[in-house]
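Working through the structure, step by step
The primary structure of each chain is shown beneath.
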Amino acid sequence: MAGLTWRYHTLIQALLSRGPLKEEEFHEVFIGVSGKNPVKHQNVFNEALLRINNALAYVQFELRACRNQYDGKVYYGVVNNVADEQSKLGTKYSAPQIAFYKGVIDAIINDAGLEGAISNIDALNVRLENQIVLSQVPQDSTAKLPTAFKLFNMSQKEKTLQELIKDRWLCQTSSDKIGLGIRSFFDLRGWFRTNEVPSCDVCNEAGVKASICPKEGCSVRIHDYCLKKKFSKRTGARACSGCGTEWPLPEYESEEIDENNTTSPDESQIASANPVLRDLRKAKTEKFDSSQDASQRKKRRICKPEPAETVEAPRRGRSRARKA
């Protein structure tokens, strides 16, 4: 960390103090400390992230980007790469609150509809005893529960739920259900893989909120934003890669794709050795599109005849000059 200037320290501090930031917010901070627009000066932006991650690696932290699966937006944040008992001591939550959070996460992950969310009632009905390992298999599991867990009543669950939403470990979805917060998407990436949460067929990230193949028995799932990238500009059949069944996507046929939101999450994950591949690909795409537009405009200028007035005006001018 000693090799970093105050500009790098400011970027790190912004993420640590304010939590994960939306891509545009993080870009604004970068512009403020460097005077460079990260979209126009991608090499400068990439080099800064690489240097930050090289320094953070010594303390087993990482500056990372990931997508919020509910709105498809990219966020930047700093995460701890080691989930040991010492790191857990820094949490402000009690043991029953952590157990409650784990129970809600399990319920969301196991949502059969792949909405990535559960109702408020289902969240409050999570049983804490399912989240602790008892010293021995008891006759009466309730009798073996720690006192703190026994006293964790419904009102405390409601209070904890609101705190988890406020701290962005959980969120309130547009349908008024309880879903994962952006901090969970950052910190639980390894947990998703360890617990074999099925991944998206396009980006290979955990498919918490996703669409599943309509064919019964096919387990292929794809994030909504990955569906837009995969199918919206394709004229051929929208076939499932697992079984060949066509995906029912009528709502995407007339929808125009947001160029800033078409990168798959695996590309926007920032690794220490190769950060922000998303911006590089975006630049190539914009360059190609602009060259295509210029070519089309050139063709139209060649094919379109000049107006009669434009052609004749110089001739009349020359005729008057001869008479004079």
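The coordinates are above.
Every value quoted in this text rests on a predicted model; they were computed, and no experiment measured them.

**A word on the overall build of the protein chain**
Broken down by element type, the protein chain carries 15 helices and eight strands. Expressed as a percentage of its 324 residues, the buried residues of the protein chain come to 38%. Of the contacts made within the protein chain by residues no fewer than 6 positions apart, 57% connect residues no fewer than 24 positions apart. For the protein chain, the accessible surface area stands at approximately 19300 Å², while carbon and sulfur atoms represent 50% of it.

**Things to note about the pattern of salt bridges**
Counting across every chain of the model gives seven salt bridges. Taking the shortest distance from any N to any O, the salt bridge between D167 and K92 comes out at 2.9 Å. Linking D167 in the loop between α8 (154-166) and β5 (170-172) with K92 in the loop between α4 (85-88) and α5 (95-109), this pair joins segments that are 75 residues apart in sequence. Using a relative accessible area of 17% as the deciding quantity, one classes D167 as buried.

**Focus on α5**
Look at α5: 21 Å from first C-alpha to last across 15 residues, which is about the 21 Å you get at 1.5 Å a residue. Taken as a whole, α5 has its buried residues at P96, Q97, A99, F100, Y101, G103, V104, I105, I108 and I109.

**As for the sheet that holds strand β6 (residues 178-180)**
Overall, antiparallel pairing links the three strands, which are arranged β4-β6-β5 in an open sheet. With one partner strand each, in any of the chains shown, β4 (117-118) and β5 form the two edges of the open sheet. Where β5 meets β6, three bridges bridge the pair, whose relative direction is antiparallel. Its bridge partner being in β6, Q172 is matched across the sheet by I178. Against the sheet, α5 engages β4, β5 and β6, with an angle of about 90° to β6. Set on the sheet, α8 makes contact with β5 and β6; between it and β5 the angle comes to about 95°.

**Points about the sheet that holds strand β2 (residues 61-67)**
Working definition: the strands of a sheet are paired by backbone hydrogen bonds and lie parallel or antiparallel to each other. Within the open sheet, the three strands sit side by side as β1-β3-β2. Their pairing is antiparallel. A single partner strand is all that each edge strand has here, and the edge strands are β1 (21-22) and β2. Both β2 and strand β3 (residues 74-80) contribute to a ladder of seven bridges, which runs antiparallel. If you follow F61 over to β3, its bridge partner there is N80. Strand contacts of helix α1 (residues 6-18): β1, β2 and β3, with the helix running at about 90° to β3, the strand carrying the most contacts.

Criteria and cut-off values
Residues numbered from 1 in each chain as written. Predicted model: local features only at pLDDT ≥ 70, side-chain atom pairs only at ≥ 80, totals over all residues. Heavy atoms only, no water. Helix = DSSP H or I, 4+ residues; strand = E, 2+ residues; numbered from the N terminus. Buried < 20%, exposed > 50% of the residue type's maximum accessible area, 1.4 Å probe, protein only. Contact = heavy atoms within 4.5 Å. Areas by Shrake-Rupley, 256 points an atom, 1.4 Å probe, with all protein chains shown as cover. Salt bridge = Lys/Arg side-chain N within 4 Å of Asp/Glu carboxyl O. Expected span 1.5 Å × (residues − 1). Pairing = 2+ DSSP bridges. Axes fitted to C-alpha atoms, helices over the stretch in contact; angles between N-to-C directions.

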